[in-house]
Amino acid sequence: MIPFQVFEQISDKCNEGLVLGKACSNDGAIMELRWCNKAFSNITGYSMQEIMGQRGTILIGPDMQQDKHLLIIEKLMNWEQFSVKLLNNRKNGELHWQKMSWVPLSDPVTGDRWWICSIMELEPQAEFLPKRQPTTSTCSQAETEFKNREKIQRLERENNRLQEIALSVAKESREDPLTGLSNRRHFQVELRSWIAELRASGQGFAAFYIDLDRFKSVNDTLGHHAGDKLLVCVADMLLGMTDETDLIARIGGDEFVVLRRLTESALNISELADNIVKKMQLPFTFEGKSASSSASVGVAIASSTMERPERIIADADKALYHAKAQGRGRWSYFTEEMHTAAIEEKRLSSDLLMACGQRQFEPYYQPIVEAVTGRLMGVEALVRWQHPTKGLIQPAEFLNVATSIGALRKIDEIVFGKLCATWLHFESLGIDTPRIAVNVSGERLADSNFIHQVRSSGIDLRKITFEILESVYLERMNDTVRWALDELTDLGVTIAIDDFGTGHASIQALIQIKPSVLKIDRQFVQPMTSDPTLKELVSSIVGIGKSLDMKIIAEGIESEDHVRIAKDMGCDYLQGFHFGEPMPVEDLFDQFICGEGKLSSKKKTKAKENRRERTILANRSWIETSGSI
Ligand code: C2E
Ligand code: MG
Ligand code: MG
């Protein structure tokens with residue numbers, strides 16, 4: 001405890017002018033002055049009696065620059081601690097330079113808020129200092145008081161006007177202009193105060209991180225106008241299902257966050273998440289056209305038991321990521337496992353970057369056969385990560401992370417470089433190489449160097465098919481990608497759409513891209529032996545492809561039944577474990593090119609001799625490179 005006598009000396013002995021004001025609880029710019037020290041009276045000319053009960057505007061001289069006045073109001077309104085150097089008038093009108101500093105204080109018992117303002121007189125600054133005559137002492141006491149009252153009233157009016165301007169400036173700086181919701185900046189200020197409230201009173205809250213699925217395709221297909229309208233609809237929908245105690249913000253292009261205080265019932269949280277997901281499933285119409293854009297939601301909680309409640313948004317983001325990975329159009333609740341997974345993901349990211357540097361990726365090859373003859377038509381190159389300690393890693397374990405850190409382009413480049421080297425090597429040995437299908441990511445298609453690498457690869461480009469995921473052309477189609485596809489077609493490369501059926505591509509989009517090949521995803525093909533609906537679906541995909549003059553490849557052929565059904569439906573080519581799993585180049589060579597053993601000059605000759613005699617064993621071998629897809 002500081003003894004009162006010591007505390008009292010602040011008033012007499014401190015050289016800095018100090019004035020204390022009690023603020024209005026909901027507007028920091030409104031205050032009533034309650035105390036000042038001697039130095040304050042010396043600098044400003046106002047005694048303790050004169051300032052007692054006065055509004056803070058008494059501290060703003062008539063000649064204070066407007067921008068400084070505005071800044072002070074804005075900072076006070078936001079309860080920010082700040083200092084400002086300015087020209088101000090003393091009570092007698094004399095101008096002087098001062099440094100004015102404001103610190104917000106609060107009373108932990110009553111919750112009242114206060115300001116302490118310190119004023120330090122500065123040496124005259126180099127800038128122009130307007131001369132103003134001190135008020136002459138010939139004025140009578142009554143005259144001086146009248147003038148002072150008048151001055152204060154004028155200042156009040158000026159202050160109100162500036163406050164209005166400041167309010168509208170502050171509103172603009174807080175609002176997202178499109179939706180009227182809080183913007184990212186204001187959201188962050190609010191989040192800090194929600195966390196402060198949690199720390200002070202234990203009031204926990206939930207964060208809902210909402211991201212629209214395929215928002216980009218709405219923008220691309222219906223235009224930005226429609227995209228904007230969708231965002232406004234989402235904002236209205238969120239406003240409709242929340243109340244004024246919730247905070248709703250748009251923090252990125254198609255990203256929204258809702259903060260809601262926890263109540264006794266957890267239903268309050270899960271119901272909101274359910275509702276958002278459900279409402280977003282409904283199609284929205286724009287100028288007579290209908291579009292759908294579901295939303296995924298990640299939910300996390302900040303509670304008083306948490307060590308770092310600041311983590312809440314990162315946690316909600318992880319939950320959102322999980323919801324997306326589970327198939328979008330759903331919500332996920334953050335769990336500690338997700339946190340562990342995120343740490344694991346960070347580790348994986350840095351391993352991946354190192355792996356790119358050391359070119360640890362290898363293409364594996366899977367046969368594709370002609371449906372009718374069972375003859376080998378080509379192979380698909382599929383990446384594997386040859387990890388120095390963990391061994392062989394499948395793409396499912398690293399492609400998502402590689403995509404998120406932008407490493408997929410590099411991986412594709414490494415795979416393509418390695419398979420080209422192998423194919424050129426085979427060709428230099430006189431081996432008739434099969435056609436090769438290569439998966440190409442959106443990032444790689446958009447890479448300006450890509451076409452150059454393809455052109456200078458040295459292999460016969462008519463033997464190459466680039467497989468593009470349906471989602472790539474749905475979500476990333478832009479001029480660069482379109483140009484790359486046109487260039488590839490001009491070079492004689494075949495374009496295939498991979499995993500067709502998973503991304504809801506429109507027929508119009510198909511016509512636009514004009515791929516020569518459709519690959520039907522194995523999630524439809526595999527169950528078609530037991531599920532008549534899926535069988536029908538595959539059959540209609542085949543019909544669509546045929547009507548657009550495309551060749552059809554069925555993926556995921558695992559049994560004789562699959563072979564028969566796919567063949568009857570009219571699929572042109574088949575790929576699946578029934579014919580062979582993805583394998584390293586040595587096995588490819590041993591099993592399918594040479595028939596046995598490693599490549600030697602004797603075998604090379606034998607391979608050449610055998611080339612014409614190779615026979616059809618659909619489930620084991622692929623024979624001649626024939627046909628073109
Ligand atoms: P995808 O291009 O559709 O490749 C087919 C996937 O199905 C391969 O999985 C293959 O091993 C698997 N598969 C083929 N037949 C069967 C079957 O009969 N049964 C079952 N259960 N699975 C079968 P993989 O190699 O794990 O690759 C997964 C996905 O990763 C690929 O799907 C492709 O989208 C992506 N990918 C693979 N390699 C690359 C690459 O080099 N670059 C890029 N950008 N993506 C790649
Ligand atoms: Mg593929
Ligand atoms: Mg596929």
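Just above, that's the structure.
Please read these numbers as outputs of a predicted model, since none were measured by experiment.

Rules used throughout
- Residues numbered from 1 in each chain as written.
- Chains lettered and ligands numbered in written order.
- Predicted model: local features only at pLDDT ≥ 70, side-chain atom pairs only at ≥ 80, totals over all residues.
- Heavy atoms only, no water.
- Helix = DSSP H or I, 4+ residues; strand = E, 2+ residues; numbered from the N terminus.
- Buried < 20%, exposed > 50% of the residue type's maximum accessible area, 1.4 Å probe, protein only.
- Contact = heavy atoms within 4.5 Å.
- Areas by Shrake-Rupley, 256 points an atom, 1.4 Å probe, with all protein chains shown as cover.
- Donors = N, O, S within 2.8 Å, 3.2 Å for Na, K, Ca; no water.
- Salt bridge = Lys/Arg side-chain N within 4 Å of Asp/Glu carboxyl O.
- Phe/Tyr/Trp six-rings, centres within 6.5 Å; stacked < 30°, edge-to-face > 60°.
- Lys NZ or Arg CZ within 6 Å of the ring centre and 35° of its normal.
- Core = buried A, V, L, I, M, F, W, Y, C linked by side-chain atoms within 4.5 Å.
- 1 Å grid on protein atoms, 1.4 Å probe; cavity = no way out; pocket = protein on both sides within 12 Å on 5 of 7 lines; lining within 4 Å.
- Points joined across faces, edges and corners; volume = space filled by probe spheres on them.
- Nonpolar A, V, L, I, M, F, W, Y, C, P; charged D, E, K, R; others polar.
- Domains from an automatic or database assignment.
- Near = heavy atom within 4 Å.
- Polar contact = N/O pair within 3.5 Å; in protein donor to acceptor, adjacent residues only side chain to side chain.
- Pairing = 2+ DSSP bridges.
- Axes fitted to C-alpha atoms, helices over the stretch in contact; angles between N-to-C directions.

When its secondary structure is counted, the chain shows 23 helices and 21 strands. In the chain, which comprises 629 residues, the share counted as buried stands at 46%. Counting contacts in the chain only where the partners sit at least 6 residues apart, residues at least 24 apart contribute 64% of the total. Taken as a whole, the chain presents about 31,800 Å² of accessible surface, with 52% of it coming from carbon and sulfur.

Take the coordination of the magnesium ion (ligand 2) next. Summarising the metal site, the magnesium ion (ligand 2) is bound by the protein donors E380 (OE), N439 (OD1), E467 (OE) and D498 (OD), whose distances to it range over 2.0 to 2.2 Å. Spacing between the donor residues of the magnesium ion (ligand 2) along their common chain follows E-x58-N-x27-E-x30-D. Taken as a pair, the magnesium ion (ligand 2) and the magnesium ion (ligand 3) lie 4.0 Å from each other and share D498 as a ligand. Taken together, the residues span a long stretch of sequence, with E380 in strand β14 (residues 376-387) and D498 in strand β18 (residues 494-500) at a distance of 118 residues. On the accessibility criterion, E380 (3% relative accessible area) is buried. Given a relative accessible area of 5%, D498 falls into the buried group.

The periodicity of an α-helix, 3.6 residues per turn, causes residues three or four places apart in sequence to face the same way. Those residues of helix α21 (residues 560-569) that fall on the buried side of the exposure criterion are H562, V563, I565, A566 and M569. Check the buried side of α21 and you find it contacts α19 (522-525), α20 (532-547), β20 (551-554) and β21 (573-575). Phi for G570, located one or two positions after α21, is positive at around 105 degrees.

At the metal site, the magnesium ion (ligand 3) is ligated by D498 (OD), D499 (OD), E555 (OE) and E555 (OE), and these contacts range over 2.0 to 2.6 Å. All donor residues of the magnesium ion (ligand 3) come from one chain, and their arrangement in sequence is D-D-x55-E.

Attention now moves to the pattern of salt bridges. Enumeration over the complete set of coordinates arrives at 31 salt bridges. For D176, the salt bridge is made with R250, and the minimal N-O distance between the two is 3.0 Å. One end of the pair, D176, is in the loop between α5 (141-174) and α6 (184-201); the other, R250, is in strand β7 (residues 247-252), with 74 residues separating them in the sequence. No difference in accessibility class separates D176 from R250, as the two residues are buried.

Let's shift gears to the packing of aromatic side chains. Per the stated rule, a full pass over the model turns up 11 aromatic pairs. Judged by centre distance (5.8 Å) and plane angle (10 degrees), the rings of W79 and W115 are stacked. Placement of W79 in the loop between α4 (66-77) and β3 (82-89) and of W115 in strand β5 (residues 113-121) is noted, with a sequence separation of 36 residues between them. Exposure remark for W79: the relative accessible area of 18% places this residue in the buried category. Ring centres of F416 and F466 lie 5.8 Å apart, and the angle between their planes is 45 degrees; on these two criteria the pair is classed as tilted. One end of the pair, F416, is in helix α13 (residues 408-428); the other, F466, is in strand β17 (residues 464-469), and 50 residues separate them in sequence. Under the relative-accessibility criterion, F466 is labelled buried at 1%. Feature note: the residues Y365, W423, F426 and F589 constitute an aromatic cluster, connected by ring pairs. The aromatic ring of W79 is capped on one face by R113, whose charged end is 3.8 Å from the ring centroid.

Right, let's get into the nonpolar core. Of all hydrophobic cores here, the largest spans 49 residues; its most connected members are L352, F361, I411, I436, L445, F466 and L488. If one sorts the elements of this core by residue count, α13 sits on top with nine residues. Apart from residues lying up to four places away in sequence, I436 is in contact with Y365, V379, A381, L419, W423, K463, I464 and T465. With 31 residues, the next largest nonpolar core counts I210, L212, V218 and F284 among its residues.

Now for the layout of surface pockets. Its boundaries defined by the atoms lining it, the second largest pocket holds a volume of some 1,000 Å³. Lining the second largest pocket are 25 residues, and of these N78, W79, R113, V189 and S193 sit closest to its centre. Mapped by element, the contributors of at least two residues to the lining of the second largest pocket are β2 (27-36), α4, β4 (95-106), α5 and α6. Per-element accounting of the lining of the second largest pocket gives the leading share, eight residues, to α6. Here the residues of the lining of the second largest pocket sort into eight nonpolar, eight polar and nine charged. Mapping the lining of the second largest pocket onto the domain boundaries places at least three of its residues in each of domain 1 (4-127) and domain 2 (184-334).

Along the chain, K318 turns up in helix α10 (residues 312-325). Separated by 19 residues in sequence, K318 and V299 place their C-alpha atoms 8.9 Å apart. Residues contacting K318, with those up to four places away along its chain left out, are F334, M338, H339 and A342.

Turning our eyes to something else, we now look at the site of ligand 1. Residues in contact with ligand 1 amount to 24 residues; listed here are only the nearest, D412, D498, R522, E558 and F577. Contact between ligand 1 and Q366: a nitrogen atom at 3.1 Å from a side-chain N or O atom of the residue. Take D498: an N or O atom from its side chain is 2.7 Å from an oxygen atom of ligand 1. For the shell around ligand 1, the secondary structure elements donating two or more residues are β14, α13, β17 and β18. For the shell around ligand 1, the leading source of residues is β14, giving four residues. Considered class by class, the residues forming the shell around ligand 1 number nine nonpolar, six polar and nine charged.

Okay, the sheet that holds strand β6 (residues 205-212) next. Sheet strands pair by backbone hydrogen bonding; their relative direction is either parallel or antiparallel. On the basis of which strands lie adjacent, the open sheet formed by five strands has the order β7-β8-β6-β11-β12 and mixed pairing. Whereas interior strands pair on both sides, the edge strands pair on one side only; in this sheet they are β7 and β12 (331-333). Each neighbouring strand pair of the sheet contributes to a mean axis angle of 20 degrees, computed without reference to strand direction. Pairing of β6 with strand β8 (residues 255-261) involves seven bridges; the strand directions are antiparallel. Opposite F205, over in β8, you have R261 as the bridge partner. Relative to the sheet, helix α8 (residues 224-240) contacts β6, β7 and β8, its axis offset from that of β8 by approximately 5 degrees.

With that settled, consider the sheet that holds β4. Pairing in this open sheet of five strands is antiparallel, and the strands run β2-β1-β5-β4-β3 from one edge to the other. Edge positions in the open sheet fall to β2 and β3, since each of these has one partner strand only. Across the sheet, the mean angle separating the axes of adjacent strands is 35 degrees when strand polarity is ignored. Note that strand β1 (residues 17-24) and β2 share six bridges and pair antiparallel. Opposite V19, over in β2, you have C36 as the bridge partner. Against the sheet, α4 contacts β2, β3, β4 and β5, and its axis sits at roughly 140 degrees relative to β3.

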